[in-house]
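# Summary of the model geometry
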Amino acid sequence: MTAIPLPLEQTPVEPAGRAAGVGHAHPSHAHPGHAHPEISFVKKYLFSVDHKTIGLQFLFVGLFFLVVSGVLALLVRWQLAWPNPDAAGYRPVPILSTLLWGQLDANGVLKPGSMPPDFYNQAFTMHASIMIFLVIIPLLVGTFGNYLIPLKIGAGDMAFPFLNGIAFWSALPAGVLLVSSFFIAGGAAGAGWTSYPTLSELWGSGTTPIYAPNAVEDPATPSSPAAAPEAGQAGSVASVKAGLASTAAALKTFGGWTDLLRLHWVRPDGKRTVSTWGVFALWTNFGALFLCGLFICAYHVRSRFRPLNWIVGVALSAIAAWAGVKLFQLLAFDGQSAWFLAIFLLGFSSIMGAVNYLTTIVKLRCPGMTFFRMPLSVWSLFVTSLMVLLATPVLAAALFMNLLDHHRLTTFFIPFNWTVSREIQVGVAGGGYPILHQHLFWFYSHPAVYIMILPAMGMVSDIMAVFARKPIFGYKPMIYAMGAIAFLGFVVWAHHMFQSGMNPTLGTTFAVSTMFIAVPSAIKTFNWLGTLWRGNIRFDSPMLYAVSFVAMFVIGGLSGIFMASTAVDIHIHDTYFIVAHIHYVLFGGSLFGLFASISFWYPKMFGRLMNEPLNKLHWFLTFVFFNGTFFPMHILGMRGMARRVADYTNYPSFADLLRMNQFITICALCMGAAQILFAVNFIGSWLFGKRAGRNPWLATTLEWETASPPPHGNFDRTPVVYHGPYEYSSPLVAEDWLPQTRKLVDVPGHGDTHVPLGPAVAAAH
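Residues numbered from 1 in each chain as written. Predicted model: local features only at pLDDT ≥ 70, side-chain atom pairs only at ≥ 80, totals over all residues. Heavy atoms only, no water.

### Here we look at the overall build of the protein
Across its full length, the protein carries 22 helices and 8 strands. Counting only residues that meet the buried cut, the protein has 55% of its 765 residues in that class. Put simply, of all contacts in the protein between residues at least 6 apart along the chain, 78% involve residues at least 24 apart. In the form shown here, the protein has an accessible surface area of approximately 31,800 Å², with 69% of it arising from carbon and sulfur atoms. (Helix = DSSP H or I, 4+ residues; strand = E, 2+ residues; numbered from the N terminus. Buried < 20%, exposed > 50% of the residue type's maximum accessible area, 1.4 Å probe, protein only. Contact = heavy atoms within 4.5 Å. Areas by Shrake-Rupley, 256 points an atom, 1.4 Å probe, with all protein chains shown as cover.)

### As for helix H21 (residues 658–688)
The terminal C-alpha atoms of H21, which comprises 31 residues, lie 45 Å apart, in line with the 45 Å expected from a rise of 1.5 Å per residue. Restricting attention to buried positions, one finds in H21 the residues Asn-661, Gln-662, Ile-664, Thr-665, Cys-667, Ala-668, Met-671, Ala-674, Phe-678, Asn-681, Phe-682 and Ser-685. Turning to H21, the residues buried within the fold contact helix H2 (51–81), helix H19 (576–606) and helix H20 (612–638). (Expected span 1.5 Å × (residues − 1).)

### Considerations on helix H5 (residues 161–180)
With 20 residues, H5 ought to run about 28 Å at 1.5 Å a step, and its terminal C-alpha atoms sit 29 Å apart, in line with that. When you tally the buried positions in H5, you get 17 out of 20 residues, the bulk of the element.

### Overview of the packing of helix H16 (residues 518–532) against helix H17 (residues 541–564)
Look at H16 against H17: their axes get within 11 Å of each other, and the N-to-C directions meet at 145°. The handedness of the crossing between H16 and H17 comes out as left-handed. The residues of H17 that touch H16, namely those facing Ser-521, Thr-525, Trp-528 and Leu-532, are Met-543, Phe-549, Val-550, Phe-553 and Val-554. Here the contact of H16 with H17 is composed, by residue class, of 7 nonpolar, 2 polar and no charged. (Axes fitted to C-alpha atoms, helices over the stretch in contact; angles between N-to-C directions. Left-handed = near helix turned anticlockwise from the far one by under 90°. Nonpolar A, V, L, I, M, F, W, Y, C, P; charged D, E, K, R; others polar.)

### Topic: the pattern of salt bridges
Counted under the stated rule, the structure contains 10 salt bridges. Where Asp-462 meets Lys-152, a salt bridge forms, and the shortest distance between an N and an O atom there is 3.0 Å. On the criterion of sequence distance, the pair formed by Asp-462 in helix H13 (residues 434–468) and Lys-152 in helix H4 (residues 117–153) is long-range, its members being 310 residues apart. With a relative accessible area of 1%, Lys-152 lands in the buried category. Taken together, the salt bridges that share partners define one network made up of Lys-152, Asp-462 and Glu-703. (Salt bridge = Lys/Arg side-chain N within 4 Å of Asp/Glu carboxyl O.)

### Thoughts on the packing of H2 against H5
When two helices pack together, their arrangement is captured by the angle between the axes and the distance separating the axes. Two elements in contact, H2 and H5, have axes separated by 10 Å at closest approach and are oriented at 10°. Here H5 runs roughly parallel to H2, going by the angle between their axes. On H5, the residues touching His-51, Ile-54, Gln-57, Phe-58, Val-61 and Phe-65 of H2 are Pro-161, Asn-164, Gly-165, Ala-167, Phe-168, Trp-169, Leu-172, Gly-175, Val-176 and Val-179. Looking at the contact of H2 with H5 residue by residue, the class counts come to 11 nonpolar, 5 polar and no charged. (Parallel < 35°, antiparallel > 145°, perpendicular 65-115°, else oblique.)

### A look at the environment of Thr-531
Tracing the backbone through its elements, the reader meets Thr-531 in helix H16. Under the relative-accessibility criterion, Thr-531 is labelled buried at 0%. Considering only alpha carbons, one finds Thr-531 and Met-464, 67 residues apart in sequence, at a separation of 7.4 Å. Among the polar contacts made by the side chain of Thr-531, one reaches the main-chain carbonyl oxygen of Asn-527 at a distance of 2.8 Å. (Polar contact = N/O pair within 3.5 Å; in protein donor to acceptor, adjacent residues only side chain to side chain.)

### Focus: the packing of aromatic side chains
The final tally for this structure, using the stated rule, is 62 aromatic pairs. Plain terms: the ring middles of Phe-467 and Trp-697 are 5.3 Å apart, the flat faces sit at 65° to each other, and that makes the pair edge-to-face. Linking Phe-467 in helix H13 with Trp-697 in the loop between H21 and strand S8 (744–747), this pair joins segments that are 230 residues apart in sequence. Exposure remark for Phe-467: the relative accessible area of 2% places this residue in the buried category. On the accessibility criterion, Trp-697 (10% relative accessible area) is buried. Three or more aromatic residues link up through ring pairs in this structure, and these residues are Phe-60, Tyr-545, Phe-595, Tyr-602, Phe-606, Phe-678, Phe-682 and Trp-686. The aromatic ring of Phe-371 is capped on one face by Arg-365, whose charged end is 4.3 Å from the ring centroid. A cation over a ring is seen here: Lys-476 above Phe-372, with NZ or CZ 4.7 Å from the ring centre. (Phe/Tyr/Trp six-rings, centres within 6.5 Å; stacked < 30°, edge-to-face > 60°. Lys NZ or Arg CZ within 6 Å of the ring centre and 35° of its normal.)

### Side note on the nonpolar core
By size, the foremost hydrophobic cluster in this structure holds 192 residues, and its most contacted members are Leu-59, Ile-130, Phe-549, Ile-598 and Phe-682. With 23 residues, the top contributor of residues to this core is H4. (Core = buried A, V, L, I, M, F, W, Y, C linked by side-chain atoms within 4.5 Å.)

### Quick word on the environment of Asn-611
Mapping Asn-611 onto the fold places it in the loop between H19 and H20. When near neighbours in sequence (up to four residues on either side) are disregarded, Asn-611 contacts Asn-681 and Ser-685. Reaching out from Asn-611, the side chain makes a polar contact with the backbone nitrogen of Leu-614 at a distance of 2.9 Å.

### What to know about unusual backbone geometry
Here the residue pair Pro-197 and Thr-198 is connected by a cis peptide bond, since its omega of 10° sits within 30 degrees of zero. On the secondary structure map, Thr-198 appears in the loop between H5 and helix H6 (235–245). Following Ser-708, the chain continues into Pro-709 via a peptide bond in cis, with omega recorded as -5°. Mapped onto the secondary structure, Pro-709 falls in the loop between H21 and S8. Positive phi, normally seen in glycine, also occurs at Arg-469, with a value near 55°. When you line up the elements, Arg-469 lands in the loop between H13 and helix H14 (475–489). Judged by relative accessible area, which is 1%, Arg-469 ranks as buried.

Below, the structure written as structure tokens:
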């Protein structure tokens, strides 16, 4: 018998169930687009529960935060290139040096000032925090997890669509809180993205909890005998009464509206205090919480009279947002406490997304889609979701304990006789263990490195198979390697802590396990090379980004082996060698994988193709200037140049590194400018790009079986899968690709030899 393919246009019906090796027992059934109820404009494009819209919302918000984080990174690099305002050739930061740090000279003329060291600390802290928690994880996991998983497994949507929407709308207020912390008194967090205690326990300059004895007194409502609480009355109750009494006056002007949002407090001694949040922080957080509340009300405030739904929903959302802003001010009185609270809230978004991904993959696969017929991109998101579920609660617990310590309500991490500026902190009991925070933090944050890289690995695998026109080399070993990476990622966390004074035997254990994790990573790398070997490679822009991902990931992985050795790590720990390593993994790895994924699935998302010459120019400039930026940092690190030092020229040992830092900064500025090309291409192609068909890349996986962009419900009828995800250059068909849904039939009279027959021959039979 000879296997004959059915025509590509024909959608077969598969009656067999699990007994025939099909993933689900139910048969294929049609659900045409007109069968879905009409969706209002707001629920379709703003408060949507459709996985595709939510994925695009994660995409746009993540790209916005990418710009914010990139600007902060360039500010850090500018300071390192021209750190000393008294040195020859000093160049102040354009615009900001006048607006933020300008100083009046003797003639009253505003002159540019230099970047203060505390702002430098805030810039590098917030750059790393935003890039990790608001860019890489939301873009790779939030965007492509949401958009691709149902399409690639043949599902109509996520298992829990409303929970999927909540995952996005709860992440938005957390992200806004984190960024708006620049507009809280004392500025944003400056203890690094790790926020180790006891450094993170220091309060921001000029800040204190609103309920503390030395809190900022309210100038608009000075204390008076009438303001004193009644006998036996709690301060919080008096605070509520005082707030209600001043509400009428607060509604008169915009300043009154702002004052209505600002938290006021009455202490037991009768004095009124006020939060130190700026106007921008108040209104942006109110807006984000209001939108989150409006999303919930859109699906739970229901009556037959639609205008009444809007009135009730807006009112309830405004009240909830008002209360939420007050709570935020109570918990986040300075930038560092805002950091703890924001990352804590982002953890809930990650957990909700992970629950949805796992349930969808396990329960909603279409007929024939067995686990080992799933694309590697889906496998990577499946493994990533397991890691998120296991690791994120540990981080959340550590952050909540740290937030309580920051308020001086507990001492989980504050040691006994804690000193600041050689003075013992009076009133702090202590007795905590700062190293406990490191264990809890890295138990999440080392797996987080793989949470940020595994999705890119899976998507790059899909892209390489398409543009090499070959099946993935070692499909099952790639899956097992991802599982091994996930497991080993949980048992190597303390290699970040070789300097903390751990037992040498324990350190050796973590050093050996760290070296073991290179094995599954090497398996994946050689399998990618095996996929490319003798392939019919097409060097379109997604393939260029994908190959760059592999190259940069290898460099980052090789530099990581140095840190697995305790003796070497003692020298390079907390130097720019570490900065180079993590950026080769997370920028050269994750962001190159992100660029590859956006350019590859852009036609499916928007129905148009990106401009190919512009994409290739962006790839070339980014690749060149990325290596010019981060490779020399290995040299700085081996010289011992420390991270987080605003002016290293004060140290004679590092003064000669000024020229190299200036070269790095120039490359970083050029790399940042190259991203303008990507932005122009992204927006311009959306508006004017060439229209793409269903399958412009001639790929085999299920998302290319539906329209571009897909309709609500994704498929006209439930697809049935007959093949694996990477059937390229198959001898069974004349084309060099065999879609997963294309059924091959046995035709009598053709002998036992497989003959590659095309759709025309199949149609004749």
